Amino acid sequence: LSAGYVDAFRALNPDDLGRYTYWSMRAGNRPYNRGLRLDYFVMSESISKKENVELVDCYIFDDELLSGSDHGMIGLDLCVRGAAKKV
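The rules behind the values
- Residues numbered from 1 in each chain as written.
- Predicted model: local features only at pLDDT ≥ 70, side-chain atom pairs only at ≥ 80, totals over all residues.
- Heavy atoms only, no water.
- Helix = DSSP H or I, 4+ residues; strand = E, 2+ residues; numbered from the N terminus.
- Buried < 20%, exposed > 50% of the residue type's maximum accessible area, 1.4 Å probe, protein only.
- Areas by Shrake-Rupley, 256 points an atom, 1.4 Å probe, with all protein chains shown as cover.
- Salt bridge = Lys/Arg side-chain N within 4 Å of Asp/Glu carboxyl O.
- Phe/Tyr/Trp six-rings, centres within 6.5 Å; stacked < 30°, edge-to-face > 60°.

(A) Region of interest: the overall build of the protein. The secondary structure content of the protein amounts to 3 helices and 4 strands. Across the 87 residues in the protein, those meeting the buried criterion constitute 23%. Carbon and sulfur atoms make up 54% of the accessible area of the protein, which amounts to about 6400 Å² in all.

(B) Just the pattern of salt bridges, in detail. Applying the stated criterion across every chain, the model contains 3 salt bridges. A salt bridge links Arg19 to Asp16; the shortest N-O distance between them is 3.2 Å. The class of Asp16 is partly exposed, set by a relative accessible area of 24%. The partner of Glu54 in a salt bridge is Arg81, and the shortest N-O contact between them spans 2.6 Å. In this pair, Glu54 sits in strand β3 (residues 53-61) while Arg81 sits in the segment after β4 (73-80), placing the two residues 27 residues apart along the sequence.

(C) Representation of the packing of aromatic side chains within the structure. For the structure on display, the rule yields 1 aromatic pair. Taking 5.3 Å as the distance between ring centres and 85° as the angle between the ring planes, the aromatic pair formed by Tyr59 and Phe61 counts as edge-to-face. Tyr59 gets classed as partly exposed once you look at its relative accessible area, which sits at 25%. You can call Phe61 partly exposed: its relative accessible area is 33%.

In structure tokens:
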């Protein structure tokens, strides 16, 4: 991140603590929400500052029923305005 990148989730949710994407199944940590954020959407600062690119939402599906895994799914919504160039 110090090399010019942005954690998309943290950029939109700076105060949203206790949100994780991994919980150890062996230790049984999910029910107690003892986890780690191992999965990220990272974007360059230069893209995040472009006028035609808007970071709309970045979210963590931390419901075990949705994932069935020790990792929670993550999602990213970007809005990119303007016509695509034909090559």
